[in-house]
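Per-entry structural report
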Amino acid sequence: LQELEHPNIVKLFGSGQHSGFLYYAMELVDGCSLEDELFRRRRFQWQEVCRIGIDLCRALKLAHDHGVIHRDIKPANLLWSKDEQVKLSDFGIARLFGNTGFQSKSMLKLLQMQRFSQPESVCKYAPDTPPEFDQIILQLLEKEPEKRFPNALLVARRMEAMQRALSLKSENEQAFPPQANMTSGFEIHP
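Fair warning: this is a prediction, and the values are worked out from it, not measured in the lab. (Residues numbered from 1 in each chain as written. Predicted model: local features only at pLDDT ≥ 70, side-chain atom pairs only at ≥ 80, totals over all residues. Heavy atoms only, no water.)

Let's shift gears to the nonpolar core. Counting 29 residues, the largest nonpolar core has Phe133 and Met159 as its most contacted members. Counting only elements with at least two residues in this core, the list comes to helix 2 (46-65), strand 4 (78-81), strand 5 (86-88), helix 5 (131-140) and helix 6 (152-175). Setting aside its immediate chain neighbours within four residues, Phe133 contacts Trp46, Val49, Cys50, Met159 and Met162. (Core = buried A, V, L, I, M, F, W, Y, C linked by side-chain atoms within 4.5 Å. Buried < 20%, exposed > 50% of the residue type's maximum accessible area, 1.4 Å probe, protein only. Helix = DSSP H or I, 4+ residues; strand = E, 2+ residues; numbered from the N terminus. Contact = heavy atoms within 4.5 Å.)

All chains considered together, the criterion is met by zero disulfides. Cys50 provides the cysteine sulfur closest to Cys57, a residue in no disulfide bond, and the two sulfurs are 9.3 Å apart. Of the residues examined, Cys57 reaches a relative accessible area of 9% and is grouped as buried. (Disulfide = S-S within 2.5 Å.)

Here we come to the pairing of strand 4. Here strand 3 (residues 31-33) pairs with strand 4 via three bridges, running antiparallel. Bridge pairing in strand 4 places Gly31 opposite Ser81. Hairpin connection of strand 4 to strand 5: four residues between the antiparallel strands, including Glu84 at a positive phi of 60°. (Pairing = 2+ DSSP bridges.)

This part takes up helix 2. Compared with the 28 Å implied by 1.5 Å per residue over 20 residues, the 28 Å span of helix 2 between its first and last C-alpha is a close match. What helix 2 keeps buried is the set Trp46, Glu48, Cys50, Ile52, Gly53, Ile54, Asp55, Leu56, Cys57, Ala59, Leu60 and Ala63. On the buried face of helix 2, the contacting elements are helix 1 (34-39), strand 4, strand 5, helix 5 and helix 6. At the C-terminal side of helix 2, Gly67 shows a positive phi close to 80°. (Expected span 1.5 Å × (residues − 1).)

Before going further, it helps to examine the side chain of Asp55. You can see Asp55 is positioned in helix 2. Given a relative accessible area of 17%, Asp55 falls into the buried group. Excluding residues that lie within four positions of it along the chain, Asp55 makes contacts with His6, Asn8, Gln85 and Val86.

This part is about the pattern of salt bridges. The full count for this structure, using the stated rule, is 12 salt bridges. A salt bridge links Arg42 to Glu48; the shortest N-O distance between them is 2.6 Å. Arg42 sits in the partly exposed class, given a relative accessible area of 22%. Note that Arg51 and Asp55 form a salt bridge whose closest N and O atoms lie 3.8 Å from each other. One end of the pair, Arg51, and the other, Asp55, are both in helix 2, four residues apart, so they sit about a helical turn from each other. Arg51 sits in the partly exposed class, given a relative accessible area of 27%. A cluster of three or more residues bridged by salt bridges with shared partners is formed by Glu37, Arg40, Arg42, Glu48 and Glu84. (Salt bridge = Lys/Arg side-chain N within 4 Å of Asp/Glu carboxyl O.)

It is worth spelling out helix 6 at this point. The end-to-end C-alpha separation of helix 6 is 35 Å, in line with the 34 Å expected for 24 residues at 1.5 Å each. When helix 6 is considered as a whole, its buried residues turn out to be Ala152, Leu153, Val155, Ala156, Met159, Met162 and Leu166. Buried positions along helix 6 lie against helix 2 and helix 5. You can read the cap of helix 6 off the contacts: a side-chain oxygen lies 3.1 Å from the backbone nitrogen of Leu153, and it is on Asn151. (Polar contact = N/O pair within 3.5 Å; in protein donor to acceptor, adjacent residues only side chain to side chain.)

On to the sheet that holds strand 3, then. Read across the open sheet, the three strands follow the order 3-4-5; overall the sheet is antiparallel. The two strands at the open ends of the sheet, each matched to only one other strand, are strand 3 and strand 5. Each strand axis lies, on average, 30° off the axis of its neighbour in the sheet, ignoring direction. (Axes fitted to C-alpha atoms, helices over the stretch in contact; angles between N-to-C directions.)

Another point: the environment of Asn8. By the element assignment, Asn8 lies in the segment before strand 1 (12-18). Taking relative accessible area as the criterion, Asn8 reaches 5% and is therefore assigned buried. Remark: the alpha-carbon pair of Asn8 and Gln85, spanning 77 residues in sequence, is separated by 7.4 Å. Within the structure, Asn8 has its side chain in polar contact with the backbone oxygen of Val86 (distance 2.8 Å).

Right, dumping it as structure tokens:
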């Protein structure tokens, strides 16, 4: 983990044992977690979510290239700095140091939901979300692994392509607004 140099990954400086106590030293992120932001009822716009997703995918790609798999991506492990940058933290470090943090009742419920329930469309809760982004999210949540994206880099590229396409569409609509019916008021005689 000390080799993971990326602006969206919390840096691990070192770890060890002193007087029978295990310790690790990590970069201090001045801010809070995305879980805290959501608890405060912060509503992220789809554009922000897309930017966060792209940053995380790029960070995960670097980690995967180094043989490191996070295994616990959740809002509590995504730190949100005061300059609104996301930083991925807790690459299983808590588990390495003896803290599992899971409760059997909630874990059983989570596993049941993972196995049997279908995710709802993001558009149900955030109607301004583009259908293209909703499809990306639903593909990420597919039950069958072969239907999901094969790696984080492809997810990032898909979101970037979606951003560009939606930006071009918006620019075109501004440059060429829908015209009024051009035939109204005219009559054509043979």
